[in-house]
Every structure is written in C-alpha cells, then in structure tokens.
Amino acid sequence: MDIIKFTGFRDPKKYTTEGKHFEHSVKSYLIIAEKLVSKFCSKGLAKEILSDEDAISNIATAIMMADWRWKKDYKNKQNTSRTQYSYRTQCALWAIKSFLQRKKNVHNINVKLS
C-alpha cells in the first residue's frame, strides 16, 4: 500500500492508493483542466490562466484530488449524491476562485521599503 502525505492543504491528510484506480495521466488531467477553464471562464481570464503554468497545474491538482476524494456512495444531508464529473467540476471552479482570490490579495499588499 502506498501512502502519500500532502502538504499545503488546510487539512493535511494521508491519502492511500489502496482500492483506488486512476484512469488518467498527469497530461490528461492538464487537458481536463484546460477544457474546464475554457468552458467556465471569460476569454480574457481563460487566456490568463492558460498562460500561467502554476495556475493550470493547481486546477489540474484540484481535479486529481477530487478523483481521489470522490466516493460513489456518499450522500449529503438532503440524501442526494453527485457524479464524479460534477464533483471534479466543482473542485476545478473552487481552484479557479482561489486563483482569483490570490491574484486580488497580491495587488492589495502594501509594501514599505526603508
């Protein structure tokens, strides 16, 4: 059993590959991320994200993590479930929003040089 510890997440956890089957390569996750950015972002924002290697790789990572965390039998409080596709899309949208928030925060920092 392979155990991988991820850092840089709010809640660092150990994720195991036991019982998981991944159909996608890193390259295919990047392609999925590019398609989602093109579908859900304005042309200007999509161009900016697609030209930023860190941004697109963060979105691809969010999609990978969505596949890792997704549970077929999960039900929410309303006793409804979601498809893996919809969960991936939601995680990608959260990653895009995080990119926008980080971009906004960088421009709001006041730096004093002495």
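Placed above this text is the structure.
Everything in this summary refers to the structure shown in the same document. Everything quoted here is computed from the prediction, not taken from an experiment. (Residues numbered from 1 in each chain as written. Predicted model: local features only at pLDDT ≥ 70, side-chain atom pairs only at ≥ 80, totals over all residues. Heavy atoms only, no water.)

### Brief notes about helix 2 (residues 43-50)
Among all positions in helix 2, only Leu-45, Ala-46 and Ile-49 are buried. Mapping the buried residues of helix 2 onto a view down its axis gives an arc of 100 degrees, with all of them on the same face. The outward face of helix 2, more than 90 degrees from its buried face, is lined by the exposed residues Lys-43, Gly-44 and Lys-47. (Buried < 20%, exposed > 50% of the residue type's maximum accessible area, 1.4 Å probe, protein only. Helix = DSSP H or I, 4+ residues; strand = E, 2+ residues; numbered from the N terminus. Arc of directions from axis to C-beta.)

### Details of the pattern of salt bridges
Under the counting rule described, the total for this entry stands at 2 salt bridges. For Lys-103, the salt bridge is made with Glu-48, and the minimal N-O distance between the two is 2.9 Å. Of this pair, Lys-103 sits in helix 4 (residues 84-107) while Glu-48 sits in helix 2, and the two are 55 residues apart along the sequence. The class of Lys-103 is partly exposed, set by a relative accessible area of 31%. Of the charged contacts in the structure, one is a salt bridge between Arg-88 and Asp-67, with a shortest N-O distance of 2.8 Å. Here Arg-88 is found in helix 4, whereas its partner Asp-67 is found in helix 3 (residues 53-69), with 21 residues between them in sequence. A relative accessible area of 13% places Arg-88 in the buried class. According to the relative accessible area criterion, Asp-67 is buried, its value standing at 8%. (Salt bridge = Lys/Arg side-chain N within 4 Å of Asp/Glu carboxyl O.)

### Some thoughts on the environment of Thr-83
Assignment of secondary structure puts Thr-83 in the loop between helix 3 and helix 4. The class of Thr-83 is partly exposed, set by a relative accessible area of 48%.

### Overview of the packing of helix 1 (residues 26-40) against helix 2
Contact geometry of helix 1 with helix 2 gives a least axis separation of 8 Å together with a crossing angle of 160 degrees. The angle between helix 1 and helix 2 places the two elements in the roughly antiparallel class. Of the two possible hands of crossing, helix 1 and helix 2 adopt the one that is right-handed. Along its contact with helix 1, which presents Glu-34, Val-37 and Ser-38, the element helix 2 presents Ala-46, Ile-49 and Leu-50. When grouped by side-chain class, the residues that make up the contact of helix 1 with helix 2 number 4 nonpolar, 1 polar and 1 charged. (Axes fitted to C-alpha atoms, helices over the stretch in contact; angles between N-to-C directions. Parallel < 35°, antiparallel > 145°, perpendicular 65-115°, else oblique. Left-handed = near helix turned anticlockwise from the far one by under 90°. Contact = heavy atoms within 4.5 Å. Nonpolar A, V, L, I, M, F, W, Y, C, P; charged D, E, K, R; others polar.)

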